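Coordinate analysis (summary)
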Amino acid sequence: MTVKTRIAPSPTGDPHVGTGYIALFNYCFAKKHGGSFILRIEDTDQSRSAPEYEQAIMDALKWLGVEWDEGPDVGGPSGPYRQSERKEIYQEHSDLLIEKGDAYRCFCTSERLDEMRKERLAQKMPTLGYDGRCRHLTPEEVQKNLDDGVPHVVRLKMPTDGDTIISDRLRGEIRYPNYQQDDQVLLKSDGFPTYHLANVVDDHLMEITHVIRAEEWIPSTPKHLRLYEAFGWEVPEFIHMPLLRNKDKSKISKRKNPTSLLYYKAIGVLPEAMRNFLALLGYSFGDDIEKFTLAELLEQFDIGRVSLGEPVFELEKLNWLNGLYIREMDPPELQKRLVEHLFNSEYLAKILPLVQERIERFDEFIPNNPYFFSSSVEYDPALLIGKKLTIGESLKALSELADVMDAQRIWTVESIEAMLRGFCEDTGVKPRSLFMPVRIAVSGRKASPPLFEMMDVLGKPICQQRMREAVSNLQQHKILVEREEKANS
RNA sequence: GGCCCAUUAGUCUAAUUGGUUAGGACGCUGGCCUCUCAAGUCGGUAGCACGGGUUCAAGUCCCGUAUGGGCCGCCA
């Protein structure tokens, strides 16, 4: 048996450290066993997927040093590798299941489902999933709905008794009682598959032998097993990796942590350090060795050495590792990489038009514009309070804007201006009140080049992080102010 | 609310067939080095969540409790 693993990211956001993390382990496992590793794009959510994100994910994985043998860009024997291009395959498989009686059409509206969920949550009912209403529709009723053009989904029929046992390489056997599994949607009303169907069908057709994915998938694995069984397919081996955590131990999230690989690249984390650091989360090299190359890791890799604790994504060790890599670098190589990173001609060419009118001598170039060269900025948090706004209003605006910024797909002067002005229209906050705090947040200065141009040059990852920092700074400032007021009254 | 996963210092982890003064690293901290800082180097700090069992012997096995987390979407 040839080992085959995959990373299956969804292009719905910036390249995530978790994707890099899981990709790294899939890659190592495949290569260690002389197998292959494939990249599959899971873009079945039409409303959220975007080609820009797909490209960014591929670039980020390459940056990390994780290379795939098959994928949308390089092709391969099991293509296409983009799920949006495999729609018919899923529909055929869905039809097959309906024919065999393992799946059924469901005509329930999302409104009804929402209401049901809310009610059950309120009543603290043990099961929150689908109640199976359409499971017992007669063929005539189904036909009538179909004839009437009622939108519908296809659901998997789960067994109502017995147990499903998941076998996990790291965790042993996990037993789930079937009665509490609801009938998962396989095909959405837009004809696209959900993760569950697409994932199982593709893993089979692409001959994936080992599914290495995050822990959050454990609860839906019984559904996947049911699908393999219904199709009569051989089940791959499951390996559920621990989930990366915020400092408060919750699942890593962009509100509490920079989660974009682009950000780490932007602040000058070396890819070899990032990869080394990611490997260290949940994995130990052995022999007390903490710094190792990809080749060294591959040499001794053993998936059984993964520990199941919940690793907190803390940057101190990353910084230390990065320093180690910098110190060992040959000075010419270091110079080359530093110039590429911070003083490349493309970057300077974007900065200069903004700075040209604002300097009188070259020696002012960097000190007058430190925000272009340093990843963090410093300022008085009180400056983040917009004109005619209270602290609370400013905080709300900046925090909401940070969310809007996260979802911004295209980062150009025009799109940034549209985003900021659109935000003002949507929220009723005046540009006069908003733009200065944003300027402070991204540059730390009251006087700076024009905001949109400056944000374009700084790039999305840096602006995002500075916005998050601003929100956090203002939050702390608010607490201080409130405490003072209390003391005075 | 139900189910599931996890639990070694502030953080990442070792100890993977029960036997160690529980090891390493980051961080923090002290000394040395040194024109300063950093780096380097030598030291220090701090841990088996708790309670029961099994055993000559438990971080390790079993049970319970607690804590943290995940999932319960026409998201993935």
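Residues numbered from 1 in each chain as written. Chains lettered and ligands numbered in written order. Predicted model: local features only at pLDDT ≥ 70, side-chain atom pairs only at ≥ 80, totals over all residues. Heavy atoms only, no water.

Some points on a nonpolar patch on the surface
Operational definition: Like-charged residues are merged into a patch within 9 Å and nonpolar side chains (Val, Leu, Ile, Met, Phe, Trp, Tyr) within 5 Å, provided each residue has over 30% relative accessible area and no salt bridge. Note on areas: Shrake-Rupley with a 1.4 Å probe; residue coverage comes only from the protein chains shown. Definition used for salt bridges: Asp or Glu carboxyl oxygen within 4 Å of a side-chain nitrogen of Lys or Arg. Helix and strand definitions here come from DSSP, where helices need a minimum of 4 consecutive H or I residues and strands a minimum of 2 consecutive E residues; each element is numbered from the N-terminal end.
A cluster of nonpolar side chains, contributed by Leu-338, Val-339, Phe-343 and Ile-366, occupies part of the molecular surface with about 310 Å² of accessible area. With respect to the helices and strands, the residue Leu-338 is situated in helix α12 (residues 331-342).

Section: the pattern of salt bridges
Tallying each qualifying case throughout the model produces 40 salt bridges. Between Asp-131 and Arg-112 there is a salt bridge; the shortest N-O distance is 2.8 Å. Highlighted residues: Asp-131 in the loop between α4 (110-122) and α5 (139-147) and Arg-112 in helix α4, separated in sequence by 19 residues. Each of Arg-6, Arg-40, Glu-42, Arg-86, Asp-202 and Asp-203 takes part in a single network of salt bridges with overlapping partners.

Description of the layout of surface pockets
What counts, and what does not: Cavities and pockets were defined on a 1 Å grid built from protein atoms only: a cavity is a group of points that admits a 1.4 Å probe but offers it no way out, a pocket is an open group of points flanked by protein on both sides within 12 Å along at least five of seven lines, and a lining residue is one with an atom within 4 Å of any such point. Grid points are joined across faces, edges and corners, and a volume is the space filled by probe spheres set on the points. Throughout this entry, Asp, Glu, Lys and Arg are counted as charged residues, while Ala, Val, Leu, Ile, Met, Phe, Trp, Tyr, Cys and Pro are counted as nonpolar. The remaining residues, Gly among them, count as polar.
Approximately 1,600 Å³ is the volume found for the largest pocket. As for the largest pocket, its lining consists of 47 residues, of which Leu-262, Lys-265, Ala-266, Ile-267 and His-341 are closest to the centre. Of all the elements in the fold, those that place two or more residues in the lining of the largest pocket are α2 (51-64), α8 (261-266), α11 (316-328), α12, α13 (345-355), α18 (451-458) and α19 (460-488). Looking at side-chain class alone, the lining of the largest pocket contains 25 nonpolar, 10 polar and 12 charged residues. The space that makes up the second largest pocket amounts to roughly 1,400 Å³. Those elements that place two or more of their residues in the lining of the second largest pocket are β1 (4-7), α1 (17-32), β8 (210-214) and α19.

Observations regarding the confidence of the model for chain A
For the record, the criterion: Per residue, pLDDT measures the predictor's confidence, with a range of 0 to 100.
Residues of chain A with pLDDT of at least 70 account for 100%, and the chain-wide mean is 95. The ipTM value of the predicted complex is 0.95, and its pTM value is 0.95.

Some points on the packing of helix α16 (residues 413-427) against α18
What counts, and what does not: Axes, fitted as lines to C-alpha atoms, cover a helix only where it is in contact. Angles between the N-to-C directions of the axes lie from 0 to 180 degrees. Roughly parallel here means an angle under 35 degrees, roughly antiparallel means over 145, roughly perpendicular means 65 to 115, and every remaining angle is called oblique. In a left-handed crossing the near helix is turned counterclockwise from the far helix by less than a right angle, and in a right-handed crossing that turn is clockwise. Note on contacts: a residue pair is in contact if any heavy atoms of the two residues lie within 4.5 Å.
Between α16 and α18, the least distance of the axes is 8 Å, while the angle of their chain directions is 120 degrees. Judged by the inter-axis angle, α16 sits oblique to α18. Note on packing geometry: the crossing formed by α16 with α18 is right-handed. Across from Val-413, Ile-416, Glu-417, Met-419, Leu-420 and Arg-421 in α16, the residues of α18 making contact are Leu-451, Phe-452, Glu-453, Met-455 and Asp-456.

Describing unusual backbone geometry
Where we set the bar: Buried means the residue's accessible area, taken with a 1.4 Å probe over protein chains only, is under 20% of the maximum for its type, while exposed means over 50%, and partly exposed covers the values in between.
Between Gly-79 and the following residue, Pro-80, the backbone shows a cis peptide bond with an omega angle of -5 degrees. With respect to the element layout, Pro-80 can be found in the loop between α2 and α3 (87-100). Although it is not a glycine, Glu-207 sits at a positive phi angle of roughly 60 degrees. Residue placement: Glu-207 occurs in the loop between α6 (195-205) and β8. Accessibility expressed as a relative area gives 54% for Glu-207, which makes it exposed. Of note in this structure, Asp-288 is not a glycine but carries a positive phi near 60 degrees. Relative to the helices and strands, Asp-288 is located in the loop between α9 (271-280) and α10 (294-300).

Topic: the pairing of β8
Put simply, the rule is: By the convention used here, strands pair only if DSSP detects at least 2 bridges between them. By convention, a crossover is right-handed whenever its connection, traced from the first strand over the helix to the second and viewed with the strands pointing away, goes clockwise.
Across the five residues of β8, five count as buried, placing the element largely inside the fold. As defined by bridge partners, β8 adjoins strand β9 (residues 237-241) across five bridges and the pair is classed as parallel. Counted as the bridge partner of Arg-213 is His-240 from β9. Following the chain from β8 across helix α7 (residues 221-231) to the adjacent parallel β9, one finds a crossover that is right-handed.

Observations regarding a positive patch on the surface
Put simply, the rule is: Positive residues here are Lys and Arg, negative ones are Asp and Glu, while His and the chain termini are left out of the count. By convention, the charge on Lys lies at NZ, on Arg at CZ, on Asp at CG and on Glu at CD.
A cluster of basic residues, Lys-387, Lys-388, Lys-430 and Arg-432, forms a positive patch at the surface. Checked against the element boundaries, Lys-388 lands in the loop between α14 (365-368) and α15 (391-406).

Points about the environment of Leu-186
Position of Leu-186 relative to the elements: it lies in strand β7 (residues 185-187). Take Leu-186: its relative accessible area is 0%, and that puts it in the buried class. A C-alpha to C-alpha distance of 9.9 Å links Leu-186 and Arg-105, two positions 81 residues apart in sequence.

Structural notes on the protein's contact with RNA strand B
What counts here: Residues are labelled near a given molecule or strand when at least one of their non-hydrogen atoms is within 4 Å of it. N or O atoms closer than or at 3.5 Å make up a polar contact, with two conditions inside protein: a donor-capable atom paired with an acceptor-capable one, and, for residues adjacent in sequence, both atoms drawn from side chains.
Inspection of the region around RNA strand B gives 54 residues, with Arg-171, Lys-188, Arg-245, Gly-282 and Glu-310 positioned closest. Restricting attention to atoms of RNA strand B within 4 Å of the protein, one finds that 76% of them are sugar or phosphate atoms. Backbone polar atom of Gly-282 to a phosphate oxygen of RNA strand B: 2.3 Å apart, as the coordinates give it. With respect to RNA strand B, the side chain of Ser-284 contributes an N or O atom lying 3.5 Å from a phosphate oxygen. Ranked by the residues each element gives to the surface near RNA strand B, the list is headed by α11, at four residues. Split into classes, the residues belonging to the surface near RNA strand B amount to 20 nonpolar, 11 polar and 23 charged.

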